[in-house]
Amino acid sequence: DRVLDLGCGVGGDLVALARAGMTVRGVERDPLTVEVARANTRALGLAGTVRVEPGDVRDVDLTGVPAAFCDPARRAGGRRVFNPAAYSPPFDFLPRLADAVPLTGAKVAPGIPHELIPPGTEAEWVSVAGEVKEAALWWGGLATARRRATLLPSGATLVASDSAGGPESDPPPVARPGRWLYEPDGAVIRAHLVAELAASVGGWLLDPTIAYLCTDGPVSTPFARGYQVTDVLPFSLKRLRALLRSRGVGAVTVKKRGSAVDPAALRHGLRLTGDEHATVVLTRAAGAPTVLLCSPA
């Protein structure tokens, strides 16, 4: 019921923690930001459960602190910082914090390299309405999986198969295009959970290096967007243009993975004039440039 919010900023996470019923102590280095956080908690009627103080998070006495949350600053001079060593505080502060506090969580950039994640840490990638927004690291009793993908607003979550100490999932099989194509959510891809998703839907990959899954029948999953495949052909602008024109297609949504084709150049080269719409997927199947003509499920 007590948590330390290190690098609390103007109080976004501070407010959420307090509204969850916790007594929160926030620490922020910038004095002006401290005053803004205090004003926000007062305005929201949370002053009785929140205390915000100025200070460097690396100097805070952690003796007896039961839980801590840290959101390192990832901007410098108004620009986004991509190197975790350049976070403020730096990334290496987080494992030291976890060593001192039994329950620790931290927010990091979604592009965090997997090799930086310490052993015994849960790494969770979060997407909102299909867009990957952030990653979180959890230690101690908060770490219940090795890797996790969580989708908001539904709250659906997918975890690594080896999270309970079991073996890692076998790589998904690779085969010809199926009647249905599934595009995994970005959080699933970032969490390296495509194999787990493939196993859950009975699917396979078109290419071992590309995160498109196929099945021969429709499946229901929150972790991927499905498309019904109507046509499969080797990439050829002339053949694709002729097929689309024969279907009366005048507008296309172009999706691509593993293809060097520029979508804007493709649309220009197709010169379509019909009234129908189609989804064109540019990818590789068994290493060969391939076009899938699809309609959204």
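Structure: above.
Scope of this entry: the structure provided in the associated data block.

Analysis parameters
Residues numbered from 1 in each chain as written. Predicted model: local features only at pLDDT ≥ 70, side-chain atom pairs only at ≥ 80, totals over all residues. Heavy atoms only, no water. Helix = DSSP H or I, 4+ residues; strand = E, 2+ residues; numbered from the N terminus. Buried < 20%, exposed > 50% of the residue type's maximum accessible area, 1.4 Å probe, protein only. Contact = heavy atoms within 4.5 Å. Areas by Shrake-Rupley, 256 points an atom, 1.4 Å probe, with all protein chains shown as cover. Lys, Arg positive; Asp, Glu negative; His and termini not counted. Charge placed at Lys NZ, Arg CZ, Asp CG, Glu CD. Pairing = 2+ DSSP bridges. Axes fitted to C-alpha atoms, helices over the stretch in contact; angles between N-to-C directions. Salt bridge = Lys/Arg side-chain N within 4 Å of Asp/Glu carboxyl O. Core = buried A, V, L, I, M, F, W, Y, C linked by side-chain atoms within 4.5 Å. Patch = residues over 30% accessible without salt bridge, like charges linked within 9 Å, V, L, I, M, F, W, Y side chains within 5 Å. Arc of directions from axis to C-beta. Right-handed = clockwise from strand over helix to strand, strands pointing away.

Another aspect to go through is the overall build of the chain. Secondary structure summary: the chain contains seven helices and 18 strands in total. Considering only C-alpha atoms, the chain reaches an extent of 70 × 45 × 30 Å along its principal axes. In the chain, which comprises 297 residues, the share counted as buried stands at 46%. Sequence-distant contacts in the chain: of pairs separated by 6 or more residues, those separated by 24 or more amount to 67%. Within the structure as shown, the chain displays about 14700 Å² of accessible surface, and the carbon and sulfur contribution to it stands at 54%. Charged side chains in the chain number 33 positive and 30 negative. The centres of these two groups are separated by 9 Å.

Attention now moves to the environment of Leu-266. Mapped onto the elements, Leu-266 comes out in helix 7 (residues 263-270). Sequence separation between Leu-266 and Leu-293 is 27 residues, and the spatial gap between their C-alpha atoms is 14 Å. With sequence-adjacent residues up to four places away left out, Leu-266 is seen in contact with Phe-235, Leu-237, Leu-240, Val-254, Val-261, Val-280 and Leu-282.

So, on to the sheet that holds strand 17 (residues 276-285). The sheet built from seven strands is open, its strands ordered 13-14-12-15-18-17-16 with mixed pairing. Of all strands in the sheet, those bounded by a partner on one side alone are strand 13 (204-205) and strand 16 (249-256). Of the pairings in the sheet, the one linking strand 12 (residues 180-184) to strand 15 (residues 224-234) comprises five bridges and is antiparallel in character. Residue Glu-183 lies in a different strand from strand 15, and its bridge partner there is Arg-225. Of the strands in this sheet, strand 15, strand 16, strand 17 and strand 18 (288-296) are in contact with helix 6 (residues 237-246), which crosses strand 15 at around 110°.

Counting across every chain of the model gives 16 salt bridges. A salt bridge links Arg-74 to Asp-71, with the nearest nitrogen and oxygen atoms 3.0 Å apart. In terms of burial, Arg-74 and Asp-71 fall into one category: buried. Its salt-bridge partner being Arg-96, residue Asp-92 comes within 3.6 Å of it at the nearest N-O pair. A residue is classified by how much of its surface remains accessible, and Arg-96, at 46% relative accessible area, is partly exposed. Among the charged side chains, a network of salt bridges with common partners joins Asp-13, Asp-71, Arg-74, Lys-107 and Glu-134.

Leu-4, Leu-6, Leu-94, Leu-97, Val-108, Trp-125 and Leu-197 are the most contacted members of the largest nonpolar core, which has 48 residues in total. In this structure, Leu-4 is in contact with Arg-25, Val-27, Val-60, Leu-62, Val-65, Ala-67, Ala-68 and Phe-69, ignoring residues within four places of it in sequence. Ranked by size, the runner-up nonpolar core spans 15 residues in total, among them Leu-243, Val-252, Ala-278 and Val-280.

On the surface, Val-10, Leu-32 and Val-36 cluster together to form a nonpolar patch covering roughly 260 Å² of accessible area. Tracing the sequence through the fold places Leu-32 in helix 2 (residues 31-43).

A few words on the side chain of Arg-241. Tracing the backbone through its elements, the reader meets Arg-241 in helix 6. Asp-262 provides the closest opposite charge to the buried, unpaired Arg-241, separated from it by 14 Å.

A separate point is the sheet that holds strand 7 (residues 103-108). One key point about sheets: their strands pair by backbone hydrogen bonds, in either a parallel or an antiparallel sense. On the basis of which strands lie adjacent, the open sheet formed by nine strands has the order 3-2-1-4-7-9-8-10-11 and mixed pairing. The open sheet is flanked by strand 3 (50-54) and strand 11 (157-159), the only strands paired with a single partner. Here the average twist between neighbouring strands, direction ignored, is 20°. Pairing of strand 1 (residues 2-6) with strand 4 (residues 67-70), which is carried by three bridges, proceeds in the parallel orientation. Bridging across to strand 4, Asp-5 finds its partner in Phe-69. Relative to the sheet, helix 2 contacts strand 2 (23-28) and strand 3, its axis offset from that of strand 3 by approximately 170°.

All right, on to helix 3 (residues 93-100) then. Those residues of helix 3 lying buried are Phe-93, Leu-94, Leu-97 and Ala-98. All buried residues of helix 3 lie within an arc of 135° about the axis, which places them on one face of the element. If you follow the buried residues of helix 3, they end up packed against strand 1, strand 4, strand 7 and strand 9 (131-139).

What follows covers the pairing of strand 2. Sheet analysis places strand 1 next to strand 2, joined by five bridges and oriented parallel. Of the residues in strand 2, the one forming a bridge with Leu-6 is Val-27. Read as a crossover between parallel neighbours, the route from strand 1 over helix 1 (residues 12-19) to strand 2 is right-handed. Of the pairings in the sheet, the one linking strand 2 to strand 3 comprises five bridges and is parallel in character. If you follow Arg-25 over to strand 3, its bridge partner there is Arg-51.

Treat this as a map of the structure, not an account of what it does.
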